[in-house]
Amino acid sequence: MSYFFKLKRLRFYPWLSSLLILLIVIVVYGWALRGLKLDFELLRSSWPYITDFITRLFPPDWKVLDIAIKALIETVQMSLWGTTIGAILSVPIAIASASNIAPGWLRSLANLLQNTVRSVPSIILGLIFVAATGLGAPAGTLALGIYTIGYLAKFYQQAIEAVDPRSLESLQVIGASKLQIAQYGILPQVLPLGLGYTFWMFEYNIRAASVLGVVGAGGIGFQLKSYIDGFEYTKATTMMLVLLVVVTVIDTFSSQLRHRLDSM
(Lines give C-alpha, C1' and ligand atoms only; values in the text may rest on other atoms or scores of the structure.)
Protein backbone atom coordinates (compact mmCIF):
# COMPACT_ATOMS: atom_id res chain seq x y z
CA MET A 1 0.00 0.00 0.00
CA SER A 2 2.83 2.39 0.83
CA TYR A 3 4.40 1.75 -2.61
CA PHE A 4 1.06 2.47 -4.29
CA PHE A 5 0.72 5.65 -2.24
CA LYS A 6 4.15 6.85 -3.38
CA LEU A 7 3.26 6.25 -7.02
CA LYS A 8 0.04 8.14 -6.55
CA ARG A 9 1.90 11.09 -5.05
CA LEU A 10 4.25 11.15 -8.07
CA ARG A 11 1.22 11.55 -10.30
CA PHE A 12 0.17 14.64 -8.37
CA TYR A 13 3.72 16.04 -8.54
CA PRO A 14 4.89 15.31 -12.12
CA TRP A 15 7.90 17.58 -11.67
CA LEU A 16 9.27 15.07 -9.14
CA SER A 17 9.41 12.31 -11.76
CA SER A 18 10.99 14.70 -14.28
CA LEU A 19 13.60 15.74 -11.72
CA LEU A 20 14.29 12.10 -10.87
CA ILE A 21 14.81 11.25 -14.55
CA LEU A 22 17.14 14.25 -14.96
CA LEU A 23 19.20 13.18 -11.94
CA ILE A 24 19.47 9.62 -13.29
CA VAL A 25 20.64 10.93 -16.67
CA ILE A 26 23.26 13.15 -15.01
CA VAL A 27 24.53 10.27 -12.88
CA VAL A 28 24.75 7.92 -15.88
CA TYR A 29 26.64 10.43 -18.02
CA GLY A 30 28.93 11.30 -15.11
CA TRP A 31 29.68 7.62 -14.61
CA ALA A 32 30.43 7.22 -18.33
CA LEU A 33 32.69 10.29 -18.38
CA ARG A 34 34.60 9.03 -15.37
CA GLY A 35 35.15 5.70 -17.09
CA LEU A 36 36.65 7.44 -20.13
CA LYS A 37 39.44 8.93 -17.98
CA LEU A 38 39.81 11.89 -20.30
CA ASP A 39 42.90 14.04 -19.97
CA PHE A 40 41.62 17.47 -21.00
CA GLU A 41 45.10 18.98 -20.73
CA LEU A 42 46.38 16.38 -23.19
CA LEU A 43 43.50 17.12 -25.54
CA ARG A 44 44.26 20.83 -25.39
CA SER A 45 47.96 20.32 -26.12
CA SER A 46 47.28 17.91 -29.01
CA TRP A 47 45.75 20.54 -31.32
CA PRO A 48 49.07 21.38 -33.03
CA TYR A 49 49.46 17.73 -34.05
CA ILE A 50 45.91 17.62 -35.37
CA THR A 51 46.34 20.77 -37.45
CA ASP A 52 49.69 19.52 -38.74
CA PHE A 53 48.10 16.30 -39.98
CA ILE A 54 45.20 18.16 -41.63
CA THR A 55 47.55 20.53 -43.45
CA ARG A 56 49.34 17.51 -44.93
CA LEU A 57 46.08 16.43 -46.59
CA PHE A 58 45.99 19.50 -48.84
CA PRO A 59 46.06 20.31 -51.67
CA PRO A 60 44.48 17.18 -53.20
CA ASP A 61 46.52 15.33 -55.80
CA TRP A 62 44.18 15.17 -58.81
CA LYS A 63 46.60 12.98 -60.75
CA VAL A 64 45.04 9.93 -59.09
CA LEU A 65 41.48 10.97 -59.98
CA ASP A 66 41.12 8.16 -62.52
CA ILE A 67 42.22 5.60 -59.91
CA ALA A 68 39.75 7.11 -57.43
CA ILE A 69 36.86 6.86 -59.91
CA LYS A 70 37.65 3.22 -60.74
CA ALA A 71 37.86 2.34 -57.03
CA LEU A 72 34.64 4.22 -56.37
CA ILE A 73 32.80 2.34 -59.11
CA GLU A 74 33.93 -0.90 -57.50
CA THR A 75 32.68 0.38 -54.13
CA VAL A 76 29.24 1.19 -55.57
CA GLN A 77 29.09 -2.25 -57.21
CA MET A 78 29.96 -3.90 -53.89
CA SER A 79 27.30 -1.89 -52.09
CA LEU A 80 24.65 -2.61 -54.74
CA TRP A 81 25.13 -6.37 -54.67
CA GLY A 82 25.75 -6.52 -50.93
CA THR A 83 22.57 -4.58 -50.18
CA THR A 84 20.55 -6.69 -52.61
CA ILE A 85 21.79 -9.98 -51.15
CA GLY A 86 21.17 -8.75 -47.62
CA ALA A 87 17.69 -7.42 -48.47
CA ILE A 88 16.59 -10.72 -50.03
CA LEU A 89 17.83 -12.74 -47.06
CA SER A 90 16.32 -10.26 -44.60
CA VAL A 91 12.72 -10.73 -45.79
CA PRO A 92 12.14 -14.28 -44.42
CA ILE A 93 14.01 -13.41 -41.21
CA ALA A 94 11.85 -10.31 -40.71
CA ILE A 95 8.65 -12.30 -41.30
CA ALA A 96 9.82 -14.91 -38.77
CA SER A 97 10.59 -12.12 -36.28
CA ALA A 98 7.31 -10.18 -36.55
CA SER A 99 5.13 -10.49 -33.45
CA ASN A 100 1.88 -10.14 -35.42
CA ILE A 101 2.68 -13.00 -37.78
CA ALA A 102 5.11 -15.58 -36.39
CA PRO A 103 4.70 -17.86 -33.35
CA GLY A 104 6.74 -17.21 -30.24
CA TRP A 105 9.34 -19.96 -30.67
CA LEU A 106 10.09 -18.86 -34.23
CA ARG A 107 10.37 -15.21 -33.18
CA SER A 108 12.93 -16.12 -30.54
CA LEU A 109 15.11 -17.96 -33.03
CA ALA A 110 14.84 -15.21 -35.67
CA ASN A 111 15.60 -12.42 -33.17
CA LEU A 112 18.58 -14.41 -31.87
CA LEU A 113 19.88 -14.66 -35.44
CA GLN A 114 19.45 -10.90 -35.95
CA ASN A 115 21.26 -10.09 -32.70
CA THR A 116 24.09 -12.48 -33.56
CA VAL A 117 24.66 -10.85 -36.95
CA ARG A 118 24.52 -7.32 -35.50
CA SER A 119 27.04 -8.21 -32.80
CA VAL A 120 29.73 -9.01 -35.38
CA PRO A 121 31.52 -5.84 -36.65
CA SER A 122 31.68 -5.37 -40.40
CA ILE A 123 35.47 -5.40 -40.36
CA ILE A 124 35.43 -8.88 -38.76
CA LEU A 125 33.08 -10.08 -41.49
CA GLY A 126 35.52 -8.63 -44.00
CA LEU A 127 38.40 -10.57 -42.46
CA ILE A 128 36.35 -13.79 -42.51
CA PHE A 129 35.47 -13.51 -46.19
CA VAL A 130 38.97 -12.34 -47.16
CA ALA A 131 40.23 -15.56 -45.59
CA ALA A 132 37.60 -17.51 -47.53
CA THR A 133 37.76 -15.89 -50.98
CA GLY A 134 40.99 -13.89 -50.93
CA LEU A 135 41.58 -10.17 -51.33
CA GLY A 136 39.23 -8.10 -53.47
CA ALA A 137 35.64 -7.06 -54.04
CA PRO A 138 33.99 -10.52 -53.67
CA ALA A 139 34.99 -10.67 -50.01
CA GLY A 140 33.68 -7.15 -49.41
CA THR A 141 30.41 -7.88 -51.19
CA LEU A 142 29.72 -10.99 -49.10
CA ALA A 143 30.65 -9.15 -45.90
CA LEU A 144 28.24 -6.32 -46.76
CA GLY A 145 25.50 -8.82 -47.56
CA ILE A 146 25.72 -10.45 -44.13
CA TYR A 147 26.20 -7.10 -42.39
CA THR A 148 23.05 -5.77 -44.09
CA ILE A 149 20.92 -8.60 -42.68
CA GLY A 150 21.48 -7.43 -39.12
CA TYR A 151 19.87 -4.07 -39.87
CA LEU A 152 17.39 -4.58 -42.70
CA ALA A 153 15.82 -7.62 -41.03
CA LYS A 154 15.12 -5.45 -37.97
CA PHE A 155 13.80 -2.56 -40.08
CA TYR A 156 11.55 -4.88 -42.10
CA GLN A 157 10.32 -6.49 -38.89
CA GLN A 158 9.33 -3.12 -37.45
CA ALA A 159 7.55 -2.23 -40.70
CA ILE A 160 5.55 -5.47 -40.57
CA GLU A 161 4.65 -4.97 -36.92
CA ALA A 162 3.45 -1.43 -37.73
CA VAL A 163 0.78 -2.74 -40.11
CA ASP A 164 -2.73 -1.56 -39.21
CA PRO A 165 -4.43 -4.65 -37.68
CA ARG A 166 -7.90 -3.39 -38.67
CA SER A 167 -7.12 -3.83 -42.36
CA LEU A 168 -6.05 -7.41 -41.71
CA GLU A 169 -9.17 -8.11 -39.66
CA SER A 170 -11.40 -6.77 -42.42
CA LEU A 171 -9.76 -9.11 -44.92
CA GLN A 172 -10.20 -12.04 -42.54
CA VAL A 173 -13.89 -11.21 -42.12
CA ILE A 174 -14.54 -11.45 -45.86
CA GLY A 175 -12.79 -14.83 -45.97
CA ALA A 176 -9.45 -13.87 -47.53
CA SER A 177 -6.72 -16.50 -47.50
CA LYS A 178 -3.37 -15.96 -45.78
CA LEU A 179 -1.75 -15.29 -49.14
CA GLN A 180 -4.41 -12.69 -50.00
CA ILE A 181 -4.01 -11.07 -46.58
CA ALA A 182 -0.26 -10.79 -47.17
CA GLN A 183 -0.77 -9.50 -50.73
CA TYR A 184 -3.52 -6.93 -50.10
CA GLY A 185 -3.17 -6.18 -46.38
CA ILE A 186 0.50 -6.37 -45.42
CA LEU A 187 2.49 -5.74 -48.61
CA PRO A 188 0.94 -2.35 -49.56
CA GLN A 189 1.71 -0.98 -46.09
CA VAL A 190 5.19 -2.51 -45.75
CA LEU A 191 6.52 -1.89 -49.26
CA PRO A 192 7.06 1.92 -49.05
CA LEU A 193 8.83 1.64 -45.69
CA GLY A 194 10.83 -1.38 -46.80
CA LEU A 195 12.06 0.32 -49.96
CA GLY A 196 12.98 3.44 -48.01
CA TYR A 197 15.00 1.39 -45.54
CA THR A 198 16.70 -0.47 -48.39
CA PHE A 199 17.80 2.73 -50.13
CA TRP A 200 19.12 4.07 -46.83
CA MET A 201 21.10 0.85 -46.33
CA PHE A 202 22.54 1.09 -49.84
CA GLU A 203 23.80 4.57 -49.08
CA TYR A 204 25.21 3.43 -45.74
CA ASN A 205 26.94 0.42 -47.31
CA ILE A 206 28.96 2.68 -49.62
CA ARG A 207 30.59 4.17 -46.53
CA ALA A 208 30.89 0.73 -44.91
CA ALA A 209 32.56 -0.63 -48.07
CA SER A 210 35.25 2.03 -47.77
CA VAL A 211 35.99 0.75 -44.24
CA LEU A 212 36.17 -2.86 -45.43
CA GLY A 213 38.95 -1.86 -47.80
CA VAL A 214 41.20 -1.55 -44.74
CA VAL A 215 41.31 -5.38 -44.49
CA GLY A 216 41.77 -5.83 -48.24
CA ALA A 217 38.10 -6.36 -49.11
CA GLY A 218 38.26 -4.16 -52.21
CA GLY A 219 36.73 -0.79 -53.01
CA ILE A 220 38.00 2.71 -52.48
CA GLY A 221 38.98 1.94 -48.89
CA PHE A 222 41.79 -0.30 -50.10
CA GLN A 223 43.32 2.53 -52.13
CA LEU A 224 42.72 4.97 -49.28
CA LYS A 225 44.58 2.80 -46.79
CA SER A 226 47.42 2.21 -49.26
CA TYR A 227 48.00 5.94 -49.69
CA ILE A 228 47.83 6.64 -45.95
CA ASP A 229 50.26 3.80 -45.18
CA GLY A 230 52.61 5.28 -47.79
CA PHE A 231 52.27 8.80 -46.29
CA GLU A 232 50.75 10.02 -49.59
CA TYR A 233 48.17 12.13 -47.81
CA THR A 234 47.26 14.39 -50.74
CA LYS A 235 46.31 11.35 -52.81
CA ALA A 236 44.23 10.04 -49.90
CA THR A 237 42.43 13.39 -49.83
CA THR A 238 41.43 12.94 -53.47
CA MET A 239 39.91 9.56 -52.60
CA MET A 240 37.96 11.06 -49.70
CA LEU A 241 36.68 13.98 -51.77
CA VAL A 242 35.46 11.68 -54.56
CA LEU A 243 33.72 9.52 -51.96
CA LEU A 244 32.16 12.62 -50.38
CA VAL A 245 30.71 13.78 -53.71
CA VAL A 246 29.19 10.40 -54.54
CA VAL A 247 27.76 9.86 -51.05
CA THR A 248 26.21 13.35 -51.16
CA VAL A 249 24.63 12.70 -54.57
CA ILE A 250 23.26 9.32 -53.50
CA ASP A 251 22.01 10.76 -50.21
CA THR A 252 20.12 13.53 -52.05
CA PHE A 253 18.60 11.10 -54.53
CA SER A 254 17.64 8.50 -51.92
CA SER A 255 16.17 11.18 -49.60
CA GLN A 256 13.86 12.43 -52.35
CA LEU A 257 12.89 8.87 -53.19
CA ARG A 258 12.19 8.04 -49.55
CA HIS A 259 9.96 11.12 -49.24
CA ARG A 260 7.94 9.96 -52.23
CA LEU A 261 7.64 6.46 -50.77
CA ASP A 262 6.60 7.87 -47.40
CA SER A 263 3.88 9.93 -49.08
CA MET A 264 2.47 6.72 -50.51
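Bear in mind the structure is a predicted one, so any value in this text is a computation, not a measurement. (Residues numbered from 1 in each chain as written. Predicted model: local features only at pLDDT ≥ 70, side-chain atom pairs only at ≥ 80, totals over all residues. Heavy atoms only, no water.)

Draft legend 1. Fine view of the overall build of the chain. When its secondary structure is counted, the chain shows 12 helices and zero strands. Listed by position from the N terminus, the elements making up the chain come as α-α-α-α-α-α-α-α-α-α-α-α. For 264 residues, the compact-globule estimate of 2.2 N^0.38 gives 18 Å, and the chain exceeds it by more than 25% at 24 Å. If one aligns the C-alpha atoms of the chain with their principal axes, the spans along those axes are about 65 × 50 × 35 Å. In the chain, which comprises 264 residues, the share counted as buried stands at 35%. Within the chain, contacts between residues at least 6 apart in sequence are counted, and of these 76% link residues at least 24 apart. Taken as a whole, the chain presents about 16800 Å² of accessible surface, with 71% of it coming from carbon and sulfur. (Helix = DSSP H or I, 4+ residues; strand = E, 2+ residues; numbered from the N terminus. Rg over C-alpha atoms; globule rule 2.2 N^0.38 Å. Buried < 20%, exposed > 50% of the residue type's maximum accessible area, 1.4 Å probe, protein only. Contact = heavy atoms within 4.5 Å. Areas by Shrake-Rupley, 256 points an atom, 1.4 Å probe, with all protein chains shown as cover.)

Draft legend 2. The side chain of Thr83, seen in detail. Looking at the element boundaries, Thr83 is found in helix H5 (residues 65-97). A distance of 2.9 Å separates the side chain of Thr83 from the side chain of Asn205, its partner in a polar contact. (Polar contact = N/O pair within 3.5 Å; in protein donor to acceptor, adjacent residues only side chain to side chain.)

Draft legend 3. Representation of a nonpolar patch on the surface within the structure. A surface patch of nonpolar side chains, amounting to about 780 Å² of accessible area, comprises Leu20, Ile21, Ile24, Val25, Val28, Tyr29 and Trp31. Position of Tyr29 among the secondary structure elements: in helix H2 (residues 14-36). According to the relative accessible area criterion, Tyr29 is exposed, its value standing at 62%. (Patch = residues over 30% accessible without salt bridge, like charges linked within 9 Å, V, L, I, M, F, W, Y side chains within 5 Å. Salt bridge = Lys/Arg side-chain N within 4 Å of Asp/Glu carboxyl O.)

Draft legend 4. Spotlight on the pattern of salt bridges. All told, the structure shown has six salt bridges when counted by the stated rule. Residue Glu41 pairs with Arg44 through a salt bridge whose shortest N-O separation is 2.5 Å. Of this pair, Glu41 and Arg44 both sit in helix H3 (residues 40-45), three residues apart, which is roughly one turn of that helix. For Glu41, a relative accessible area of 47% corresponds to the partly exposed category. When its relative accessible area of 54% is taken as the criterion, Arg44 is described as exposed. Of the charged contacts in the structure, one is a salt bridge between Glu232 and Lys235, with a shortest N-O distance of 3.0 Å.

Draft legend 5. Summary view of the UniProt feature "domain: ABC transmembrane type-1" (unreviewed entry) in the chain. Taken from the UniProt record, the annotation "domain: ABC transmembrane type-1" (unreviewed entry) applies to residues 72-254. In the segment residues 72-254, helix accounts for 84% and strand for 0%; the C-alpha atoms at its two ends are 18 Å apart. (UniProt positions renumbered as here; feature names shortened; annotations may be inferred.)

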